[in-house]
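Coordinate analysis (summary)
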Amino acid sequence: MPWQTRPDTGRKSHAAPLPLASTAPTFQPLAVLAPWDHGPNSAARPCRWQKNGCPEPTAASTVKSVAVQLTILGSGSGGNCAYLETEQTRLLIDAGFSPRQIRLRLAQIGRAPENLHGILVTHEHTDHIAGLAGLAGKLGLPIYCNRATAEEVQRYHGMTFDCRLFTTGATFKIGDLVIETFSLPHDAQDPVGFVLRTPAGRIAFATDLGHFTRLVADRVRQARVLVLETNHDLRMLQECPHRPWSLKQRILSRHGHLSNEAAAEGFEQVVTEELQHLYLAHLSRDCNRPELALATLQQRIDRVGAKHVKLVVTSQDQPCAPLIL
Ligand SMILES: [Zn+2]
Ligand SMILES: [Zn+2]
């Protein structure tokens, strides 16, 4: 297949600090939403920067603007968190580590939780929400999720969050980001994936899914960056002595997690010349190894002739290098 790498867009990083007050993003639902999703003024509800007066960032948390930056702060069965920054918007996607860990990992890239505008939440499993109380709760950050997830998250943490609700399948806007949501087959209340339409292209998140549905394929196709689950190696999972059979069945089910091989099949369905970066995410500590996931996907890349796709395997223990788009 004659793949062509997309020519460089010529986007450059900016050196100036972000003027937070003038760039505070607002939440704008773009699709028709159910009445319970938003209060009468929710679309116009000011974000916390506007509401409380915009705090000046401290020296330690001063951020330099970049066009679009994605950093996977960590990913695996024990915790998931990613950071996305555009000129106007700074978000986490999930917060599955302790607040201290998330703060430390943000600090490694010169960022701080105080400069975030919100947290997108895929679903209520603890490896995605463990840090929410200490971050969103403490700092008053809004969390963006559907109603079923909001209920579970609030029950788990025993507190009320500033939830900005969307209906699964809806598209909404935060600052200069347009966010598409889509349903994932996974054993949570209402799990979702995200496609973040940034000025530098689409960034798609598809982790925690038992199989690769046509809907998932349709939504993540055309992505420039794809964060895709490669949870387990089938043989390692079957032979793993630390997992009871019932848990193995759950992981292998159509609402469990994607194996390396299933991820490769899904990748083949959606790869286009647009796709430049493929992150292998949510690896099981006991039932997978980075080299196995990499080898499986690299073989598939070679087989379909998609040599323009760069592979990165994520780690639960440390952030990936920031990707500047
Ligand atoms: Zn999950
Ligand atoms: Zn998970």
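Model, not experiment: these values are computed from the prediction.

1. Topic: the sheet that holds strand β15 (residues 323-324)
- The mixed open sheet is built from seven strands, whose spatial order is β7-β6-β5-β4-β3-β2-β15. Edge strands, defined here as strands with exactly one partner in the open sheet, are β7 (163-165) and β15.
- Two elements, strand β5 (residues 118-120) and strand β6 (residues 143-145), share two bridges in a ladder whose sense is parallel. Residue pairing across strands places L120 opposite Y144, the latter belonging to β6.
- Along the sheet, helix α3 (residues 99-108) makes contact with β2 (68-76) and β3 (79-86), crossing β2 at roughly 140°.

2. Re the nonpolar core
- Core analysis: the largest hydrophobic core is formed by 75 residues, its most contacted members being A82, I119, I143, A204, L226, V227 and L228.
- When residues in this core are grouped by element, the largest group, five residues, is from helix α10 (residues 260-270).
- Not counting chain neighbours up to four residues away, the residues in contact with L226 comprise A204, V220, L275, L278 and Y279.

3. Structural notes on unusual backbone geometry
- Its identity is not glycine, yet D94 carries a phi of approximately 65°, on the positive side.
- With respect to the element layout, D94 can be found in the loop between β4 (90-93) and α3.
- By the C-beta count within 10 Å, which is 28 here, D94 ends up buried.
- In the Ramachandran plot, D208 falls in the positive-phi region, its phi being about 65° despite a non-glycine side chain.
- Tracing the chain through its elements places D208 in the loop between β11 (201-206) and α7 (214-220).
- Classification of D208 as buried rests on a count of 29 C-beta atoms within 10 Å.

4. Description of the confidence of the model for the chain
- In this model, the chain carries an average pLDDT of 85, and 80% of its residues clear a pLDDT of 70 or more.
- A low-confidence stretch, residues 1-23 stays under pLDDT 50, and its non-local contacts, those more than four residues away or across chains, total 36 contacts.
- Low pLDDT, under 50, characterises residues 31-61; the stretch is placed with 44 contacts to residues that sit more than four places away or in other chains.

Quick notes on the rules
- Residues numbered from 1 in each chain as written.
- Chains lettered and ligands numbered in written order.
- Predicted model: local features only at pLDDT ≥ 70, side-chain atom pairs only at ≥ 80, totals over all residues.
- Pairing = 2+ DSSP bridges.
- Helix = DSSP H or I, 4+ residues; strand = E, 2+ residues; numbered from the N terminus.
- Contact = placed C-beta atoms within 7 Å.
- Axes fitted to C-alpha atoms, helices over the stretch in contact; angles between N-to-C directions.
- Core = buried A, V, L, I, M, F, W, Y, C linked by C-beta atoms within 7 Å.
- Buried ≥ 20, exposed ≤ 12 C-beta atoms within 10 Å, placed from the backbone.
- pLDDT = per-residue confidence, 0-100.

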